[in-house]
Amino acid sequence: MGQCQSANAEDAQEFSDVEKAIETLIQNFHQYAVEGSKEALTSSELHNLITQQLSHLMPSTCGLEEKIAHLGGCGDSRVEFGTFWELIGEAAKNVKMETPGRGS
Amino acid sequence: MADCYTDLEKAVVVLVENFYKYVSKHSLVKNKISKSSFRKMLKNELNHMLTILWSRGGPHSHFPCQISGLCVRSHSLADPRFCRQDTGNRKAADKLIQNLDANHDGRISFDEYWTMIGGIMAPIANLIRQQEQQCNS
């Protein structure tokens, strides 16, 4: 009983590392999504987020500018969470390659 | 290596490492998570967030009907039985696995895993936004 109402602050304290990681990602997205709606980043906001927060995982040498340009198309385009997540996925694959021998 | 990482990068690493923590140890299926391990992962690592989402995902919620690949029917989620955590989460988890496993090989790949995390994150982000708006209005 009452489980429906229990989703609040005291639950947050029991969050697992994975859930805390998810929270961190959302916070970063919202922190940079300042202009207009908070559900999307402008391409310059995305650029700032990546260069300031993801510089080790997504160095600018890996064609970042082109990727962002491809995402947008024209200047006023906005990047929604799903697209942002796909980009992070690419960075995540670099992590995969950096840690090939996990547990060995 | 990871010492100089930002919080955001550390978060990405946590999510990647979590996948490998549950990856099948059997040599035939490299770099995939079995259904039983995946169920364990949902329970051990994502229990709070999924409970929040699944208990709130009624017909008026943005979650989860609009998330592609995570298409759990919202009228099922409005069923009060789903708010009883154990049985509800178990059923919802089975449905989630079924939907994720598009190629029916009974295993979850890294890409499928990543899609799932994104699918959880988007509605959680919406919830946070809604709460902020309610607080501000």
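For every chain, the first residue of the written sequence is number 1, and numbering continues from 1 onward in sequence order. Chains carry letters and ligands carry numbers; both start at the beginning, A for chains and 1 for ligands, and go up in the order they are written. Local features in this predicted model are restricted to residues whose pLDDT is 70 or higher, and side-chain atom pairs enter the listing and the counts only when it is 80 or higher, whereas totals over whole chains, interfaces and linings include all residues. For side-chain calculations, the full set of non-hydrogen atoms in the structure is used, while hydrogens and water are omitted.

Draft legend 1. Region of the structure containing the environment of Val34(A). Residue and element names in this part refer to chain A. In DSSP terms, a helix is any run of H or I states spanning at least four residues, a strand is any run of E spanning at least two, and both are numbered starting from the N terminus. You can see Val34 is positioned in the loop between helix 2 (17–32) and strand 1 (40–42). For every residue, the accessible area obtained with a 1.4 Å probe (protein chains only) is divided by the maximum for its type, and the residue is called buried under 20%, exposed over 50%, and partly exposed between those limits. When its relative accessible area of 61% is taken as the criterion, Val34 is described as exposed. Separated by eleven residues in the primary sequence, Val34 and Glu45 have C-alpha atoms spaced 8.0 Å apart.

Draft legend 2. Seen up close, the interface of chain B and chain A. Any two residues whose heavy atoms approach within 4.5 Å at even a single point are treated as in contact. If you look at the interface, chain B gives 39 residues, while chain A gives 38 residues. Taking both sides of the interface into account, the surface hidden between chain B and chain A amounts to around 3800 Å²; carbon and sulfur atoms contribute 72%. The term buried area means the drop in 1.4 Å probe accessible area that two parts suffer when joined, counted for both and summed. The largest share of the area that chain B buries against chain A comes from Leu8(B), His48(B) and Met121(B), three residues that together contribute 18% of it. For salt bridges, the criterion is a side-chain nitrogen of Lys or Arg within 4 Å of an Asp or Glu carboxyl oxygen. At the junction of chain B with chain A, the criterion picks out one salt bridge. For this analysis, a polar contact is any N or O atom pair within 3.5 Å, provided that within protein one partner can donate a hydrogen and the other can accept it, and provided that sequence-adjacent residues contribute only side-chain to side-chain pairs. In this structure, the connection of chain B to chain A is made through nine residue pairs in polar contact (both at pLDDT 80 or more). Sorting the residues of the side of chain B that touches chain A by element identifies helix 1 (7–22), helix 2 (35–45), helix 3 (47–56) and helix 6 (110–136) of chain B as the ones contributing at least two each. Split by residue class, the side of chain B that touches chain A holds 23 nonpolar, nine polar and seven charged. Throughout this entry, Asp, Glu, Lys and Arg are counted as charged residues, while Ala, Val, Leu, Ile, Met, Phe, Trp, Tyr, Cys and Pro are counted as nonpolar. The remaining residues, Gly among them, count as polar.

Draft legend 3. Geometry of the confidence of the model for chain B. Residue and element names in this part refer to chain B. Overall, the predicted model of chain B reaches an average pLDDT of 74, with 72% of residues at or above 70. Per-element averaging of pLDDT across chain B places helix 4 (residues 74–78) at the bottom with 38 and helix 1 at the top with 94. Confidence scores labelled pLDDT are given residue by residue by the predictor and lie between 0 and 100. Across residues 58–84 the pLDDT falls below 50, and counting only partners more than four positions away or on other chains, this stretch makes 52 contacts in the model. Overall fold confidence for the complex sits at a pTM of 0.75, while the interface term, ipTM, reaches 0.77.

Draft legend 4. Spotlight on the packing of aromatic side chains. Between rings of Phe, Tyr and Trp, where Trp is taken as its six-membered ring, a pair exists when centres lie within 6.5 Å; planes separated by under 30 degrees are stacked, by over 60 edge-to-face, and by other angles tilted. Scanning the entire structure with this criterion turns up nine aromatic pairs over all chains. Both rings, one in Phe29(A) and one in Phe84(A), keep their centres 5.0 Å apart while their planes meet at 50 degrees; by these two values the pair is tilted. Here the residue Phe29(A) occupies a position in helix 2, and Phe84(A) occupies one in helix 5 (residues 81–98), the gap between them amounting to 55 residues. Phe29(A) gets classed as buried once you look at its relative accessible area, which sits at 2%. Judged by relative accessible area, which is 1%, Phe84(A) ranks as buried. Judged by centre distance (5.2 Å) and plane angle (90 degrees), the ring pair of Phe19(B) and Tyr20(B) falls under edge-to-face. We note that Phe19(B), like Tyr20(B), is buried.

Draft legend 5. A look at the nonpolar core. In this description, a nonpolar core means a group of buried Ala, Val, Leu, Ile, Met, Phe, Trp, Tyr and Cys residues linked to one another through side-chain atoms lying within 4.5 Å. Counting 64 residues, the largest nonpolar core has Leu15(B), Leu46(B), Tyr113(B), Trp114(B) and Met116(B) as the members making the most contacts within it. In terms of residue count, helix 6 of chain B provides more of this core than any other element does, ten residues in total.

Draft legend 6. Representation of the pattern of salt bridges in the model. Residues and elements named next belong to chain B. Applying the stated criterion to the full structure yields three salt bridges over all chains. The partner of Glu45 in a salt bridge is Lys21, and the shortest N-O contact between them spans 2.9 Å. Taken as a pair, Glu45 in helix 2 and Lys21 in helix 1 lie far apart in primary sequence, 24 residues in all. The exposure class assigned to Lys21 is exposed, which follows from its relative accessible area of 51%. The salt bridge partner of Asp105 is Lys32, with a shortest N-O separation of 2.8 Å. With a gap of 73 residues between them, Asp105 in the loop between helix 5 (85–100) and strand 2 (107–109) and Lys32 in strand 1 (residues 32–34) connect regions that are remote in the sequence. For Asp105, a relative accessible area of 32% puts it in the partly exposed group. Overall, Lys32 belongs to the partly exposed group, its relative accessible area being 21%.

Draft legend 7. Fine view of the packing of helix 1 of chain B against helix 6 of chain B. All names here are of chain B. Simply put, an axis is a line fit to the C-alpha atoms, just over the touching stretch for a helix, and the angle between two N-to-C directions goes from 0 to 180 degrees. One way to put it is that helix 1 packs onto helix 6 with a least axis distance of 11 Å and a crossing angle of 130 degrees. Taken together, helix 1 and helix 6 sit at an angle that is classed as oblique. The element helix 1 and its partner helix 6 pack so that their crossing is right-handed. Two secondary-structure elements touch here, helix 1 through Val12, Leu15, Val16, Asn18 and Phe19 and helix 6 through Phe110, Tyr113, Trp114, Ile117 and Met121. Class assignment for the residues of the contact of helix 1 with helix 6 results in nine nonpolar, one polar and no charged. Here is the rule for angles: anything less than 35 degrees is roughly parallel, anything more than 145 is roughly antiparallel, 65 through 115 is roughly perpendicular, and the remaining ranges are oblique. Here a crossing is called left-handed whenever its near helix is offset anticlockwise from the far helix by less than a right angle, and right-handed whenever the offset is clockwise.

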